[in-house]
Every structure is written in C-alpha cells, then in structure tokens.
Amino acid sequence: MSEPDWEGHISSQINSHMNSRLGKELLYLSRADVAAAGLGMAEIIAALEGMFREKGEGRVEMPPKIGIHTMPDAFIHAMPASIPVRKAAGMKWVGGYPENSMRGLPYVTGLLILNDPETGIPVALMDCTWITAQRTGAATAVAAKYLARSESDAVGILGCGVQGRSNLEALKVLFPLKKAYAYDKHADRALRYAEEMSGQTGIDVVPVSDPKQAVVASDMVVTAGPILRTPHATIQPGWLREGAFASLVDFDSYWHPAALHEADKFCTDDVPQLHHYRDLGYFQNIPAIHADLGELVTGRKAGRETPEERTITCNLGLALDDIAVAPLIYERALEKGIGTWLPL
Ligand SMILES: NC(=O)c1ccc[n+]([C@@H]2O[C@H](COP(=O)([O-])OP(=O)(O)OC[C@H]3O[C@@H](n4cnc5c(N)ncnc54)[C@H](O)[C@@H]3O)[C@@H](O)[C@H]2O)c1
C-alpha cells in the first residue's frame, strides 16, 4: 500500500477556492457529510502510517490530552496536533460516555476543528464520530502490519460495537482474514455483529458465548469493551496463543496483568501519553514498553522478529491520528461539493 503524497495533494483549483473563503467562512461537515466524503479504510491506514513515520522522525507536535470528567469513567478530551509536512493542524474535542448506549446514544461523540496552519484560522468543523471509529481501526492495522504474522487469518473481537466493526474492517485490508470470533457481554450484539460483518466483509464471523473462545483460537485479538481504571481482567495467562498479536483498544481493561506480561513485545502509540494515563491511575501493572508505533514504522525499533512471539499494542488514540485523516476528508468534501459553508 502506498502512503499518501503529502505534498501538493490539494489541487490548485481547490486551493484558490479555499483562499477566497479563508477568514470569512468555514466548511461544516455533519456526521453524514463526513461519511459521504467516502474516504476508504486503505487510505486511512496509509495516512496513519505516514503520520507515524513523521512522528518517529520527531516532526510533529502533540501535547498530551487534557480533559474534563463530568461522569464516572467518562471523559471529554481536548486533542490538538500539528503535522507540518501535511500542512495539517487542528483539534478534536471528543467525549466518551460508557452509559450512553443505554440511552441509544453513541459511546463516542464530538467535533473536530481544522485550522489553516499559516494563519491559525479555522477552515472546517466536522463531526468526529466516524473519524474516531475509522482511525482507531486503522491504528490497529498499522501496528499489526509490524507486529502480527502476515499470514494471520483468524481474529477474535471482544466488544462488538463501533470499534469492533472498524477494527475488523481495517485488519481485513492488510491480512487474509477468513474467520472471526465475536464476543460481546450482550449476546444479541454479538449475533447482530456476526450477521452484519459476515455480509460486509466476506469473513466467516462466528458469535461465541465465552470470551476465552474469542482469544484462544485467534492469530489477532482486539479488545474493545469499556475503558475502566481498574481492569476487569477477564483474559487470563495462557489464552493468547504463541505467535498471536493483540490490540488493546480499551486499554488494559480486559487483561489480567499476568496475561499482559506474557507478551514478548508490548507497544503503544505514544509513550508520554501512556505515562500521562498512568499518572491518572490507569495502567498500574503493564509490561515495559518495547516501542511506539513511530519507532516501528521508521525501523528504529524492531517489530516482529520470530513467528512465535506474542506481541501487543495498546494504542491510546492520538490527536495525530485524527489530524492525519481530517484534511483528507476536508479535501474530498471540497472535491465533491459536500458540506455547509458557515460564516465565521
Ligand atoms: N484507544 C483508542 O484510540 C480508542 C478510540 C475510540 C474508542 N476507544 C474505546 O473503545 C471502546 C469501545 O468503543 P465503541 O465506540 O466501540 O463503543 P460501543 O458502545 O459501540 O461498543 C462497546 C461494546 O462493548 C460491549 N461490552 C461491554 N462490556 C463488555 C465486556 N466486558 N466484554 C465484551 N463486550 C463488552 C458492549 O455491549 C458494546 O457492544 C471504548 O472503551 C472506547 O473508549 C478507544
């Protein structure tokens, strides 16, 4: 898969169009507009890989997330980032509320502001639900490219919600997936997921009633239930098989510390951010960090070296992920004439 052409990507026609509106209007993209822009998962994975290369080279800016916490185990985070080579700058303001599903509302919601890097002026405002789902799946895929066995064909998904869907979609882009085992605390959600994702991906997705079944038979495991400060620690030592890779979308919540310590390589997307969370009370018993994804992508640290290694990534979700993808959505929306212009 080729990485995006970072320079000169925006056509001169769009550029002059943008310049005439700069400082006067911004483009508002609703949730439906963002999806309609039609950015494909392969493009998002490539954009993230390019971003992680920039991050590995130390050419990006991203302070650790700050946030407010209005309910237990919930957050609203401010996530600014800049990727100079991409001329990408902006901030996501995103909430994660575990109880929302009981009200029929999404767990993750929020807005993303894209700024012109030369003047700081906002050029676009977009819903960030879709982007959060897709970029998180894509970050798992980038990690898996370096840490999983390339012939991996069986995946276990624990937590059959938005992330369960986008992570499977992303892994399908890079791996020859044949089988997926889907577990959810709510059996009906695993059933619905299996039906839906089998149809959408052509993978044989099987609902399972025991989380162990989703782990022991899989080459790759994605845990995507709620993030908890104190892990429920369901996954036990001995479950993740030799040669397998796991992506901890819900942090260490799903894993018994002894199971995590079986990993030969434990990686993350950003070490300072992980330390920041540790200071807040998360990640009290995890293995030493082998590498961040920037180090893996640039080759500064080794990815998988043997077929037997157990590898794990715990991607926290970075502002850089969002700011790598948002300009592509903006450009695609401009090309397609999608969105609503609002006065500044
Ligand atoms: N690391 C990141 O970058 C990142 C980004 C976005 C979301 N997240 C996290 O991913 C998780 C999933 O988010 P989502 O948007 O898919 O939420 P969602 O509500 O769409 O899906 C969560 C699913 O997990 C199920 N579930 C709850 N407890 C479970 C358990 N113990 N075992 C199995 N399934 C369980 C729920 O029934 C639901 O189907 C959240 O914790 C969210 O904070 C992480």
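Along each chain, numbering runs from 1 in the same order as the chain's sequence is written. Totals for whole chains, interfaces and linings use every residue, but because this is a predicted model, local features are given only for residues with pLDDT of at least 70 and side-chain atom pairs only at 80 or more, for both listing and counting. Think of the side-chain values as coming from all heavy atoms in the structure, minus any hydrogens and water.

Draft legend 1. Fine view of the packing of helix 3 (residues 41-56) against helix 11 (residues 319-336). An axis is simply a line fitted to the C-alpha atoms; with a helix, the fit covers only the stretch in contact. Between two such axes, the angle follows the N-to-C directions and lies from 0 to 180 degrees. What counts as a helix is a DSSP run of H or I of at least four residues, what counts as a strand is a run of E of at least two, and both are numbered from the N terminus. Direction vectors running N to C along helix 3 and helix 11 enclose 135°, while the axes themselves pass 9 Å from each other. By the angle between their axes, helix 3 is oblique relative to helix 11. The hand of the helix 3/helix 11 crossing is right-handed. Within the contact between the two elements, helix 3 uses E43, I44, A47, L48, M51, F52 and K55 and helix 11 uses L320, D321, A324, V325, L328 and R332. Each residue receives one of three labels: charged for Asp, Glu, Lys and Arg, nonpolar for Ala, Val, Leu, Ile, Met, Phe, Trp, Tyr, Cys and Pro, and polar for the others, Gly being one of them. Residues of the contact of helix 3 with helix 11, tallied by class, amount to 9 nonpolar, no polar and 4 charged. Here the angle decides the label: under 35 degrees means roughly parallel, over 145 means roughly antiparallel, 65 to 115 means roughly perpendicular, and every other value means oblique. Crossing handedness: left-handed means the near helix sits turned counterclockwise from the far one by under a right angle, and right-handed means the same turn made clockwise. Only heavy atoms enter the contact rule, under which two residues are in contact if any of them lie within 4.5 Å.

Draft legend 2. Summary view of the sheet that holds strand 12 (residues 265-268). Read from one edge of the open sheet, 8 strands run 9-8-7-10-11-14-12-13, paired in parallel fashion. Either end of the sheet is taken by a strand with one partner, and the two such strands are strand 9 (204-207) and strand 13 (291-292). When DSSP finds two or more bridges between a pair of strands, those strands are recorded as paired. Summarising the sheet, strand 12 and strand 13 pair through 2 bridges and their orientation is parallel. Bridging from a neighbouring strand, C267 pairs with A291 of strand 13. Strand contacts of helix 5 (residues 162-174): strand 7 (154-158), strand 8 (179-183), strand 9, strand 10 (220-223) and strand 11 (245-248), with the helix running at about 165° to strand 7, the strand carrying the most contacts. With respect to the sheet, helix 6 (residues 187-201) is in contact with strand 7, strand 8 and strand 9, its orientation differing from that of strand 9 by roughly 175°.

Draft legend 3. Quick peek at the packing of aromatic side chains. Two rings belonging to Phe, Tyr or Trp (six-membered ring only in the last case) form a pair when the distance between their centres is within 6.5 Å. Interplanar angles under 30 degrees mark stacking, angles over 60 mark edge-to-face geometry, and anything in between is tilted. Scanning all chains against the criterion turns up 5 aromatic pairs. Relative to Y282, the ring of Y277 has its centre 5.5 Å away and its plane inclined at 90°; by these criteria the two rings are edge-to-face. Each member of the pair, Y277 as well as Y282, carries the same accessibility label: buried. For a lysine, the NZ atom is tested; for an arginine, the CZ atom; a charge sits over a ring if that atom is within 6 Å of the ring centre and within 35 degrees of the ring normal. In this structure, R21 is placed above the aromatic ring of W341, and the distance from its NZ or CZ to the ring centre is 3.9 Å. Only protein chains enter the accessibility calculation, which uses a 1.4 Å probe. A residue is then buried if its area is under 20% of the maximum for its type, exposed if over 50%, and partly exposed in between.

Draft legend 4. Here's a closer look at empty space enclosed by the protein. As defined here, a cavity is a set of points on a 1 Å grid over the protein atoms alone where a 1.4 Å probe fits but cannot get out. A pocket is an open set with protein on both sides within 12 Å along at least five of seven lines, and residues line them when an atom is within 4 Å of a point. Grid points are joined across faces, edges and corners, and a volume is the space filled by probe spheres set on the points. Summed over the entire model, instances satisfying the criterion amount to 1 cavity of 30 Å³ or more. A volume near 30 Å³ is recorded for the largest cavity. Lining the largest cavity are M62, P63, P64, K65, A78, M79, P80, Q273, L318 and A319. Ranked by the residues each element gives to the lining of the largest cavity, the list is headed by strand 3 (residues 75-83), at 3 residues. Looking at side-chain class alone, the lining of the largest cavity contains 8 nonpolar, 1 polar and 1 charged residues.

Draft legend 5. Structural view of the pattern of salt bridges. Just to be clear on terms, a salt bridge is a Lys or Arg side-chain nitrogen sitting within 4 Å of an Asp or Glu carboxyl oxygen. The full count for this structure, using the stated rule, is 22 salt bridges. A salt bridge links R21 to E25, with the nearest nitrogen and oxygen atoms 2.7 Å apart. For D292, the salt bridge goes to K55, with nearest N and O atoms at 3.6 Å. You can see D292 sitting in strand 13 and its partner K55 sitting in helix 3, a full 237 residues away along the chain. Here the two residues D292 and K55 agree in accessibility, since each one is buried.

Draft legend 6. Quick peek at the sheet that holds strand 3. On the basis of which strands lie adjacent, the open sheet formed by 7 strands has the order 2-3-4-5-6-1-15 and mixed pairing. Bordering the open sheet on either side are strand 2 (66-68) and strand 15 (340-343), each of which pairs with just one other strand. Across this sheet, the average inter-strand angle for adjacent strands is 20°, counted without regard to direction. By the bridge criterion, 4 bridges tie strand 1 (residues 25-29) to strand 15 in an arrangement that is antiparallel. From the neighbouring strand, Y28 faces strand 15, where its bridge partner is T340.

Draft legend 7. Region of the structure containing the side chain of T140. Examined against the element boundaries, T140 turns out to sit in helix 4 (residues 129-147). Residue T140 is classed as buried on the basis of its relative accessible area, which comes to 1%. Each residue touching T140, except ones within four places of it in the same chain, is listed here: N167, L171, V222, F245, S247, V249 and N315.

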